[in-house]
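Observations on the model geometry
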Amino acid sequence: MTAFSTEIFQHATLDHVAHNPGPGDAIETVLSRGDFAAAVDEIRTWPGYAPTPLHRLDALAARLGLGGIHYKDEGPRFGLGSFKALGGAYAALRLLQRELTAMRGHEVSAADIRAGRYKADVAGITLVSATDGNHGRSLAWGAQMFGAPCRIYIHKDVSAGRADAMAALGAHITRIDGDYDASVARARKDAEDNGWFVVSDTSWPGYSQPPRDVMAGYGMMLAEVTAAMPTAPSHVFVQAGVGGLAAAVAAALVQHWGADAPRIVVVEPALAACLLASAKAQAARSVAIDAETIMAGLSCGEPSPLAWQILSQCVQDFLTIEDSLVPPTMRLLAQPLPGDAAIDAGESAVAGLAALIAASQQPELAGALGLKADSTVLLIGSEGVTDAAIFSTIMAGV
């Protein structure tokens, strides 16, 4: 049992930007209901598919003075440890479909690719991406499942454990100097030079279909959430790197619940707050990464333009949190208040919960976010333990 204290959260500094969503139809044109439905239908056929848990943290909600907390735990997803399993692998399959259809001159189905009917052709299509760990692991897994070569680019601060996990799935790993955005640039250049195919979770001018497919794959998670929650929560706190997860969450929930959709609060590390900067500027903006955040999967300085189209139209609040809030939040989940489920969560998974705890302990911020005694909050626990050594160190309080 944890000796949970809210003191560090009461004194935490959170930067908050209240955002007035602009008009637009991005939730239907960037990510349509049909995009989500196609991904859901496909992913349900994959070996090992099972819905991930949606935990009620009633004791913690009572402690924070809230009506309820629902935590979607993506740690068990396909044995890969994160929600990213849904996106990279699905986008890989869709890219293979498009390329094989063009090569063969007729429509090639996902079922035929899964069955290995185009094995020789697939073996000649090299899939490439940059990653902080989870997206690359999903792409490597999908490439292995479908029979395609895979090359993954990581920056200097990606842990050895995460690199080893991708290599174990057959990916060729290239580590570069620089940060995540530098690894994206290198992956793009090498792919262009060698005729490889980038499967990225971020978009750029002229490149949008794979990131759209990645976000569509995340819709599987939201389909499970809405099936398990007959009424909409009042809030969803969702973490963001380039913004793909947050955009998929926003689009899917607004599509499903319409005017009753929850208030969407996007949470970023203070060390990598490109979306908060974008909200302040009312346009997509990049920020320099001067130091790497402990939340490795969220260390992104350049937002995805595709994701920003949705976020700019759907999100009411942008928040940043300090890295110091992450370890105590992880320990709280692993050693919960009596009655709540014990959850092993990774560093990036707890950003939303850390922000929620801090906001609930700061009356002015709680008021600004509309948090009340009857508020029910959905949290996206985006990853489990994706690096056992880091997790053990944090649990030990080191």
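These notes cover the structure that comes with them. Quick caveat: nothing in here was measured; it's all calculated off a predicted structure.

1. Some remarks on the nonpolar core
Core analysis: the largest hydrophobic core is formed by 84 residues, its most contacted members being Leu-31, Trp-46, Leu-127, Val-238, Val-266, Ile-310 and Phe-318. Residue contacts for Leu-127: discarding those within four places in its chain leaves Ala-92, Leu-95, Leu-96, Leu-139, Ala-143, Ala-148, Pro-149, Cys-150, Arg-151, Phe-197 and Val-199. Within the second largest apolar cluster, 46 residues are counted, among which are Phe-4, Ile-69, Ala-366 and Met-395.

2. Things to note about the sheet that holds strand S7 (residues 197-198)
Strand order in the open sheet formed by four strands is S6-S5-S4-S7, and the pairing between neighbours is parallel. The two strands at the open ends of the sheet, each matched to only one other strand, are strand S6 (172-176) and S7. On the sheet, helix H9 (residues 160-167) packs against strand S4 (127-131), strand S5 (150-155) and S6 and is oriented at approximately 150° with respect to S6.

3. Digging into helix H14 (residues 305-314)
Burial runs high along H14: seven of the ten residues are buried. Among the residues of H14, those classed as buried are Leu-306, Ala-307, Trp-308, Ile-310, Leu-311, Ser-312 and Cys-314. The secondary structure elements touched by the buried residues of H14 are helix H2 (26-29), helix H11 (209-228), helix H12 (244-257), strand S9 (263-269), helix H13 (274-281) and strand S10 (317-321).

4. Observations regarding the packing of aromatic side chains
Aromatic ring pairs: the centre-centre distance and the angle between the two ring planes describe each pair. A complete count under the given rule lists nine aromatic pairs for this structure. Ring plane angle 40° and centroid distance 4.9 Å describe the contact between Phe-78 and Trp-141, whose orientation is recorded as tilted. Taken together, the residues span a long stretch of sequence, with Phe-78 in the loop between strand S3 (68-73) and helix H5 (84-104) and Trp-141 in helix H8 (residues 134-146) at a distance of 63 residues. Taken individually, Phe-78 and Trp-141 each receive the classification buried, so the pair is uniform in this respect. Ring centres of Trp-308 and Phe-318 lie 6.0 Å apart, and the angle between their planes is 40°; on these two criteria the pair is classed as tilted. With Trp-308 in helix H14 and Phe-318 in strand S10, this residue pair connects regions lying ten residues apart in the sequence. Taken as a pair, Trp-308 and Phe-318 share a single burial class, namely buried. Among the aromatic residues, those joined into a ring-pair cluster are Trp-46, Tyr-49, Phe-78, Trp-141 and Phe-146. Taking the ring centre of Trp-204 as reference, the NZ or CZ of Arg-188 above it sits at 4.0 Å.

5. Side note on the sheet that holds strand S2 (residues 54-56)
Spatially, seven strands are ordered S1-S10-S9-S8-S11-S3-S2 in an open sheet, and the strand pairing comes out mixed. Each edge of the sheet is formed by a strand with only one pairing partner; in this case those strands are strand S1 (16-18) and S2. Neighbour to neighbour, the strand axes of the sheet diverge by 20° on average, direction disregarded. Note that strand S8 (residues 235-239) and S9 share five bridges and pair parallel. By the bridge assignment, His-235 is partnered in S9 with Arg-263. Sitting on the sheet, H13 is in contact with S1, S9 and S10, with an inclination near 140° to S10.

6. Points about the layout of surface pockets
Space inside the largest pocket adds up to approximately 190 Å³. As for the largest pocket, its lining consists of Arg-33, Phe-36, Ala-37, Val-40, Gly-219, Leu-222, Ala-223, Thr-226, Ala-252, Gln-255 and His-256. Looking at side-chain class alone, the lining of the largest pocket contains six nonpolar, four polar and one charged residues.

7. Details of the pattern of salt bridges
Counted by the stated rule, this structure contains 17 salt bridges. For Lys-156, the salt bridge is made with Asp-157, and the minimal N-O distance between the two is 3.0 Å. On the basis of relative accessibility, which here comes to 41%, the residue Asp-157 falls in the partly exposed class. Taken together, the shared-partner salt bridges connect Lys-72, Glu-74, Arg-77 and Glu-224 into one network.

Thresholds, definitions, all that
- Residues numbered from 1 in each chain as written.
- Predicted model: local features only at pLDDT ≥ 70, side-chain atom pairs only at ≥ 80, totals over all residues.
- Heavy atoms only, no water.
- Core = buried A, V, L, I, M, F, W, Y, C linked by side-chain atoms within 4.5 Å.
- Buried < 20%, exposed > 50% of the residue type's maximum accessible area, 1.4 Å probe, protein only.
- Contact = heavy atoms within 4.5 Å.
- Pairing = 2+ DSSP bridges.
- Helix = DSSP H or I, 4+ residues; strand = E, 2+ residues; numbered from the N terminus.
- Axes fitted to C-alpha atoms, helices over the stretch in contact; angles between N-to-C directions.
- Phe/Tyr/Trp six-rings, centres within 6.5 Å; stacked < 30°, edge-to-face > 60°.
- Lys NZ or Arg CZ within 6 Å of the ring centre and 35° of its normal.
- 1 Å grid on protein atoms, 1.4 Å probe; cavity = no way out; pocket = protein on both sides within 12 Å on 5 of 7 lines; lining within 4 Å.
- Points joined across faces, edges and corners; volume = space filled by probe spheres on them.
- Nonpolar A, V, L, I, M, F, W, Y, C, P; charged D, E, K, R; others polar.
- Salt bridge = Lys/Arg side-chain N within 4 Å of Asp/Glu carboxyl O.

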